[in-house]
Amino acid sequence: MAVISEYEENLDPPSSTKMQCSSSQLGSASYDDLLESLLQQHNQKPLSLLETVVDFLQRRSSLFAEKSVESRISEIFTAAKRRRVEESKEGKADSCTSHVESAGIEPIVEKEKIEGKGISVEEQVTNKPIETPKTPETEATPGKPEEVQNDDDGKGLKPNSGNGADLEHYSWTQTLAEVSVQIPVPPGTKTRFVWCEIKKNSLKAGLKGKPPVLEGQLYAAVKADDCFWSLEDGNTLSILLTKSNQMEWWNCVVKGEPVINTQKVEPENSKLSELDPETRQTVEKMMYDQRQKAMGLPTSDEQQKHDILKKFMTQHPEMDFSKAKIC
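Since this is a predicted model, take the numbers as computed values, not measurements. (Residues numbered from 1 in each chain as written. Predicted model: local features only at pLDDT ≥ 70, side-chain atom pairs only at ≥ 80, totals over all residues. Heavy atoms only, no water.)

S.K.: Describe helix H8 (residues 300-315), naming the residues involved and giving the relevant values.
M.R.: Taking 1.5 Å of rise per residue, the 16 residues of H8 would be expected to cover 22 Å, and the 23 Å separating its terminal C-alpha atoms lies within 8% of that figure. Of the surrounding elements, those touching the buried residues of H8 are helix H4 (46-60) and helix H7 (277-294). (Helix = DSSP H or I, 4+ residues; strand = E, 2+ residues; numbered from the N terminus. Expected span 1.5 Å × (residues − 1). Contact = heavy atoms within 4.5 Å.)

Structure (structure tokens):
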């Protein structure tokens, strides 16, 4: 241990960020035995253990009363993922360095001088990160809707300001009750040249004598009698679809078309306030459940089940729940 201590004293002092990470990891490690025991009680299912911890915190602490709790939890998970990636990279780097040293090869040293400051910097090539060249798939393409990265929040295009999408041949927006589709047509187009057929589960729209712009099965059923189309300013075919289920967001108009990420939908507060109390409560519950699912946390219904079971377990301490599975 003395040799290690003397060696560490000769090294450069670590950055404050690394010191914080180390102290945090040491503090967490002190609970490893307890957490390992709890994980075994949850049949080695990490998410099940996490649900129990979250349930405990929402009942026994004021954590969920804080407005920024969702963003803070997200930051914690992001930081944990980042640490795991860094540790994996460090492990590979250490392995490569040990092979180089065992072969008797001295690492190449690069010297750079920072312009304007006269600071000399020495970096070992073996510790220098390798820059990954950008591929055409990772670069943004102008003129295309912004696509959400593949993560826990879901997949799809980022919704436009109307919670729909602006596509090449048409655009669409939506509320919980309706879907509005806008299809550009040549200026001066008359209604007799328009072909628009709206059925309960399908839609066909475009100009007569030309391939339809939209054709196929709708994302969900509509009230055909409450749907209509019109020609606006002689250059736009406007279609209004009334949803049968007015408690869900559509991710596309017709199946097979590009989809949006409905977890990124942002309903207007003014429209929400206009709803009747019962409908508004349902909408708010749906929005809350979407956020919980995005973070991998239990929905309101799942939390209620947990609370009922916890209460039952408290009322019956004589019963053995060690082998009970909490779904």
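Right, picking up where we left off after that structure.
S.K.: Before we move on, can you summarise the pattern of salt bridges with the specific residues and values?
M.R.: Per the counting criterion, the structure on display carries three salt bridges. The partner of Lys285 in a salt bridge is Asp289, and the shortest N-O contact between them spans 3.3 Å. Of this pair, Lys285 and Asp289 are both found in helix H7, four residues apart, which corresponds to roughly one turn of the helix. Residue classification places Lys285 among the partly exposed residues on the basis of a relative accessible area of 35%. A salt bridge links Asp301 to Lys285; the nearest nitrogen and oxygen atoms lie 3.4 Å apart. (Salt bridge = Lys/Arg side-chain N within 4 Å of Asp/Glu carboxyl O. Buried < 20%, exposed > 50% of the residue type's maximum accessible area, 1.4 Å probe, protein only.)

S.K.: Give me the packing of H7 against H8: which residues, what numbers.
M.R.: Packing of H7 against H8 brings their axes to within 9 Å, and their N-to-C directions diverge by 85°. As far as their axial angle goes, H8 and H7 are roughly perpendicular. In contact with Lys285, Tyr288, Asp289 and Gln292 of H7, H8 contributes Ser300, Asp301 and Gln303. A per-class count over the contact of H7 with H8 returns one nonpolar, three polar and three charged. (Axes fitted to C-alpha atoms, helices over the stretch in contact; angles between N-to-C directions. Parallel < 35°, antiparallel > 145°, perpendicular 65-115°, else oblique. Nonpolar A, V, L, I, M, F, W, Y, C, P; charged D, E, K, R; others polar.)

S.K.: Which residues make up the environment of Lys208, and what values do they have?
M.R.: In this fold, Lys208 is placed in the loop between strand S7 (202-207) and strand S8 (214-217). When its relative accessible area of 48% is taken as the criterion, Lys208 is described as partly exposed. Taking C-alpha positions, Lys208 is 5.9 Å from Val194, a pair spaced 14 residues apart along the chain. Residues within four places of Lys208 in sequence aside, it is in contact with Arg192, Phe193, Val194 and Trp195.

S.K.: Tell me about the sheet that holds strand S10 (residues 236-242), and name the residues and values.
M.R.: Read across the sheet, five strands follow the order S3-S4-S5-S10-S9 without closing on themselves; strand pairing throughout is antiparallel. Across the chains shown, the open sheet's two edge strands, defined by having one partner strand only, are strand S3 (165-166) and strand S9 (228-232). Both strand S4 (residues 171-174) and strand S5 (residues 178-184) contribute to a ladder of four bridges, which runs antiparallel. In the sheet register, Thr173 faces S5, and the bridge partner there is Ser180. (Pairing = 2+ DSSP bridges.)

S.K.: Before we move on, could you go through the sheet that holds S7 and cite the residues and values that matter?
M.R.: Taken in spatial order, the three strands make up an open sheet running S6-S7-S8, and their pairing is antiparallel. Single-partner strands in this sheet number two, and they are strand S6 (194-198) and S8. For this sheet, the mean inter-axis angle between neighbouring strands, taken without regard to orientation, is 10°. As judged from the five bridges shared by S6 and S7, these two strands associate in the antiparallel manner. Among the inter-strand pairings, Trp195 is bridged to a residue of S7, identified as Gly206.

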